[in-house]
Structure formats: structure tokens, C-alpha cells
Amino acid sequence: MNSKRGNHSGRPYSWAEVRRQFRLAPDLVHLAPMLFASHPRPVRRALSRYRRILDRNPKRAHDDLEINDVHVLCRVASYFGCSPNQIALTDSTTMGLGLVLTGLDLHENDEILQSKHGHYSSDASVGYASDRYHAKRVERALYDHDAPMDACADVMVSQLLSGVSDATRVVVVTWVHSSTGVKLPLSMIAERIADLNQDRNAEQKILLIVDGVHALGVEDFNLQEGSCDFFIAGCHKTLCGPRGTGIIWGSEAGWKRVRPTIPPFGAERIECWRKGLVDSAAIGRRMTPGGYHSYEHRWALADAFDFQLAIGKQRIQRRIHRLARFCKRKLAEMPHVQLLTPMSQDLSSGIVCFNVNGWDPNELETELCRNGVIASASPYDNPCMRFSFGLYTNRRDIRAGLSVIESLG
């Protein structure tokens, strides 16, 4: 797909046309793309095309591995406005977090600062890193978990950075929290960390690592020096990319302080190994785990990013935020509902979290499903119900979900 065009007529995609790209069950309402999204037509076609290539001549496909990987890297870089050399390809957010955090150049008694609102994968990866290096974990709550709707940008930044000490080497945050729908003021955090780093030596500067999976495919942003040091995300959620794909973007300073864990593949990598030479390839290539992968999925990732660009990143963000705002307003009007996600689009994204009086979230998920609405209950200590919105969501879907919630009052 040409990223500068929409449909075949050259017009931008209408939202009805976008929805028709998906093979969604028509008798269901889909309000859970934050978990696992459907593939749009361009991605399905790319998967089929690459699968045929692999099946017809696997040796030739094997010989073209690097060429196809470079194509994917260039399309991802086009989406983020960065160099393809800064990107590593992975299988998921979890893999990316594990590779970066356990590959960091840390020492005993160094500190890793994290918020208490991260996903299991982030928390567990921090734990592995601290155990490996005998580093210290420091946690901070950024807002009252019983009242996340009242989260404040200045307070969250202050709360997080109150955990910084002279020994802090890494700060790990989740941009959009799947437990509450709260979106962190990432640029404010990055600016404050940059200020703290001014008087530090290069090896003592604080690295900012971001789990950005629930922002990818919703928020309109680029990745550049100063935005963070690592942005890590799977691509099979709201981005609607192939399942089992993910990316790591790293800043120049970030990549200098991490070492590969899994040997990369590629003719040049093998040649360096064979001749005993130092591999001088871009660090993103060296951080892409080797071994054989489901290549049709990896290569079709280029088409997922092109599909997003064809629709328009700004259009996507505007639409999803409008849908979320509509949903939040309606839920807030229901006396039997406790809305958890902030109203402000500066502090929220495409996930709306709430509770219904008298209903356990898991039982509520079952009740919604019984009424043809697919949503998700959160798996955290303070469980809640979640509606999430993506490329194929429209107001009719949201009204259907709200109708079920309203009937429970």
C-alpha cells in the first residue's frame, strides 16, 4: 500500500471504508482491541502473499530475509519519523522489555525506579534485571488507585521523580495504564529527567524506558532524541499489526548502554562471527533476536504501519479520543457506574475503565458477552471493566455497550 494514499481512488479512507477492511463477526460488538486486534485487509493480503512465497521457495525466502527485514524497518521508521538503524524487531512488548532491561549495563546497588501502575511484563522484567545485577528496585504510586479519575499531571511527575536518587540509573514507566486508562504526561517526565541528567556523567545519566503498547496506534507521536531512551511496544493491539510482532526504538544514549542477549541473524552477522570480526552493524539490527520467526507476520508489519499512515495518524488520534470522550461522558451520567479514567484527553487515551455497582468485573464481562458485547475485565489487584477503541470502533458499538451497562442500574 502506498502510505500517501487511502483507497484505490486516491481519496483518504472514510471511517466506513476503514471498518470494511476488517472481517469482524457482524453479530458482535467489539470493544477490546487493546488486547488482540483483528487484521485489516492490507495485512491479511500481505500475510497470504508472504506465506505463498515462503511455501513455494523457502530457500529463496531465506536468502531474502535481510532485504525484507530492512523494508519493514524503513516503513516503521517512516511512521515514527526516525532512523531505521534505531529500531529492533521483536515478537512482543514482553520480549522487548525483557531484552532491554536485562541487557542494561547496570551494577550492584544501582537503582531502577518504576511506577506501581505498570503491567506484569514490565514489573517482572524490572525484577529480573534487579536480580541479575543486584540492583535496587524503587516504586512510586503516581495517583490514588481508588480515584484515578482525579490524576493530575504535575502530581504524577512529582510523585514519580521523588524516587530519584544519585544511584538511579533507569526509570521505567507505562505510557497508558491498562489498569485505569490513565495516560502519563510523558513529555513532562522526559523534560524533567533531561534536567536531572545535566550534571551527571554519561554512564550515570538516567535512562527513560517506556512501555508504549497502549499508545501505539492511538496517539500521534514521533520518536526522537529527548522523547525517551527506549520505546517498547507490541504491534498486535490497537495498531492492528500482525500477531507476534513488536518493536524497540532506542536513543543513541540508550543503545550505548545495553547489550544484546539473543544472537542476531543475517549474512553480515554470520560473516563477522566466522572471521572473528566485531559486528559493526546498527545496534537495532544487533538487538533484533535471531532464530527463525514467523516471517510472514514480521514482513507484513510494514503493511500495518502503511495502513495507519494511509488513514492518517492525526485522524486516528482525533477519532479515538472523541469516541473515548463520548463513552466517558455517558458513563459518568449513570449513577450506578464509577468512572475511573480521567476525562481529559491529555491524561487518557483509547481505554475507558469503570466499575458497576454490585457487579464483579469478571462477571460483568460475561454478562456483556451474553449480550453480544466483547469487552475486557482487568487482571489487576483492583479489577475493573474496560472498553477500548480502535480503528474499527464507531459510536454504534459504544452505544450498544452502554445500553447493557445502563440496563444493570
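On a predicted model such as this, the values are computed, not experimentally measured, just so you know.

Trainee: Which parts of the structure should I look at to understand the overall build of the chain?
Mentor: Counting secondary structure elements, the chain contains 15 helices and 13 strands. Relative to its length of 409 residues, the chain is compact, with a C-alpha radius of gyration of 22 Å against a globular reference of 22 Å. The principal-axis extent of the C-alpha atoms belonging to the chain is close to 70 × 55 × 35 Å. Every one of the 409 residues in the chain was classed for burial, and the buried ones make up 58%. About 17900 Å² of surface is accessible on the chain, with carbon and sulfur atoms providing 48% of the total.

Trainee: Help me understand the sheet that holds strand β2 (residues 87–90) in this model?
Mentor: Adjacent strands of a sheet pair through backbone hydrogen bonds, lying either parallel or antiparallel. Pairing is mixed across the open sheet formed by 7 strands, whose spatial order is β2-β8-β7-β6-β5-β3-β4. At either margin of the open sheet sits one strand with a lone partner, and together these are β2 and β4 (136–140). Adjacent strand axes in the sheet meet at a mean angle of 20 degrees when their direction is disregarded. Two elements, strand β7 (residues 230–234) and strand β8 (residues 246–250), share 5 bridges in a ladder whose sense is antiparallel. The residue bridging A233 from the neighbouring strand is I247, located in β8. Here helix α4 (residues 65–80) sits on the sheet and contacts β2, β7 and β8; the angle it forms with β2, its principal contact strand, is near 115 degrees.

Trainee: Hey, could you run me through the packing of aromatic side chains in this one?
Mentor: Remark: the centre distance and the inter-plane angle together describe each pair of aromatic rings, the angle taken between the planes. Scanning the model with the defined rule gives 17 aromatic pairs in all. For the ring pair F354 and F387, a centre distance of 5.0 Å and an interplane angle of 70 degrees mean the geometry is edge-to-face. You can see F354 sitting in strand β10 (residues 351–356) and its partner F387 sitting in strand β13 (residues 385–388), a full 33 residues away along the chain. Judged on exposure class, the residue F354 and its partner F387 are both buried. Pairwise contacts between aromatic rings join Y79, F80, W175, F221, F231 and F305 into one cluster. Its guanidinium or amino end placed over the ring of Y50, R49 lies 5.0 Å from that ring's centre, counting from NZ or CZ. A cation over an aromatic ring shows up here: R395 above the ring of F326, its NZ or CZ 4.3 Å from the ring centre.

Trainee: Sorry, what's going on with the pattern of salt bridges here?
Mentor: Pairing of side chains with opposite charge becomes possible as their charged atoms draw close. Per the counting criterion, the structure on display carries 15 salt bridges. D397 serves as the salt-bridge partner of R19, at 2.8 Å between the closest nitrogen and oxygen. Of this pair, R19 sits in helix α1 (residues 15–20) while D397 is found in helix α15 (residues 395–407), placing the two residues 378 residues apart along the sequence. What makes R19 partly exposed here is its relative accessible area of 23%. For D397, a relative accessible area of 4% puts it in the buried group.

Trainee: Just to check I follow, could you spell out the pairing of β7 for this structure?
Mentor: Each regular strand displays side chains that alternate between the two surfaces of the sheet. Of all 5 residues in β7, 5 are buried; the element is thus mostly enclosed. Here β7 shows no split at all, with F230, I232 and G234 on one side and F231 and A233 on the other all buried. Sheet analysis places strand β6 (residues 207–211) next to β7, joined by 3 bridges and oriented parallel. In the strand pairing of β7, I209 is matched with F230.

Trainee: Can you walk me through the pairing of β6 in this structure?
Mentor: Burial of β6 is extensive: 5 of the 5 residues sit out of reach of the surface. Where burial is concerned, the two faces of β6 agree: the one with L207, I209 and D211 and the one with L208 and V210 are both buried. Where strand β5 (residues 168–174) and β6 come together, 5 bridges link them in parallel fashion. Counterpart to V172 in the pairing with β6 is I209. Chirality of the crossover, the property in question, places the unit of β5, helix α8 (residues 186–197) and β6 among those that are right-handed.

Trainee: Quick question: what am I supposed to make of the nonpolar core here?
Mentor: Taken as a class, soluble globular proteins show a tendency for nonpolar side chains to be buried jointly. In terms of nonpolar packing, the biggest core is built from 64 residues, with F80, W175, L208, F231, I247, L301 and F305 touching the most fellow members. Counting 41 residues, the second largest nonpolar core, distinct from the first, contains F22, I316, L339 and L368.

Trainee: How do you make sense of the side chain of S121 when you look at a structure like this?
Mentor: Mapping S121 onto the fold places it in helix α6 (residues 120–133). A polar atom in the side chain of S121 sits 2.8 Å from the side chain of T94. With residues up to four places along the chain from it excluded, the contact list for S121 reads T94 and L97.

Trainee: In this structure, what is going on with the packing of α4 against helix α12 (residues 295–311)? I would like to understand it.
Mentor: When two helices pack together, their arrangement is given by the angle between the helix axes and by the axis-to-axis distance. For the pair α4 and α12, the least separation of the axes is 9 Å and the interaxial angle reads 25 degrees. It follows from the interaxial angle that α4 and α12 lie roughly parallel. Like other packed secondary-structure pairs, α4 and α12 cross with a definite hand, here left-handed. Each of L65, N68, D69, H71, V72, R75, V76, S78, Y79 and F80 in α4 lies in contact with α12, whose residues at this interface are Y295, R298, W299, L301, A302, F305, D306, Q308 and L309.

Trainee: Which parts of the structure should I look at to understand α4?
Mentor: Each turn of an α-helix holds 3.6 residues, which means side chains three or four residues apart point in the same direction. The terminal C-alpha atoms of α4, which comprises 16 residues, lie 23 Å apart, in line with the 22 Å expected from a rise of 1.5 Å per residue. Three or more residues of α4 are buried, namely L65, N68, D69, V72, L73, R75, V76, A77, Y79 and F80. Taken from the residues just after α4, G81 is the one with a positive phi, measuring 70 degrees.

Trainee: Honestly, the sheet that holds strand β12 (residues 376–377) in this entry has me stumped. Any pointers?
Mentor: Strand order in this open sheet of 4 strands is β9-β10-β13-β12, and the pairing throughout is antiparallel. Strands with a single pairing partner mark the edges of an open sheet, and in this sheet they are β9 (337–339) and β12.

Trainee: Would you mind going over the side chain of S115 with me for this structure?
Mentor: Considering the arrangement of structural elements, one finds S115 in strand β3 (residues 111–115). Under the relative-accessibility criterion, S115 is labelled buried at 4%. Looking at S115, its side chain comes within polar contact range of the main-chain nitrogen of H117, at 3.2 Å. Non-local contacts of S115, meaning those with residues more than four positions away in its chain, are made with R140, L142, L160, V172 and H177.

Conventions we followed
- Residues numbered from 1 in each chain as written.
- Predicted model: local features only at pLDDT ≥ 70, side-chain atom pairs only at ≥ 80, totals over all residues.
- Heavy atoms only, no water.
- Helix = DSSP H or I, 4+ residues; strand = E, 2+ residues; numbered from the N terminus.
- Rg over C-alpha atoms; globule rule 2.2 N^0.38 Å.
- Buried < 20%, exposed > 50% of the residue type's maximum accessible area, 1.4 Å probe, protein only.
- Areas by Shrake-Rupley, 256 points an atom, 1.4 Å probe, with all protein chains shown as cover.
- Pairing = 2+ DSSP bridges.
- Axes fitted to C-alpha atoms, helices over the stretch in contact; angles between N-to-C directions.
- Contact = heavy atoms within 4.5 Å.
- Phe/Tyr/Trp six-rings, centres within 6.5 Å; stacked < 30°, edge-to-face > 60°.
- Lys NZ or Arg CZ within 6 Å of the ring centre and 35° of its normal.
- Salt bridge = Lys/Arg side-chain N within 4 Å of Asp/Glu carboxyl O.
- Right-handed = clockwise from strand over helix to strand, strands pointing away.
- Core = buried A, V, L, I, M, F, W, Y, C linked by side-chain atoms within 4.5 Å.
- Polar contact = N/O pair within 3.5 Å; in protein donor to acceptor, adjacent residues only side chain to side chain.
- Parallel < 35°, antiparallel > 145°, perpendicular 65-115°, else oblique.
- Left-handed = near helix turned anticlockwise from the far one by under 90°.
- Expected span 1.5 Å × (residues − 1).

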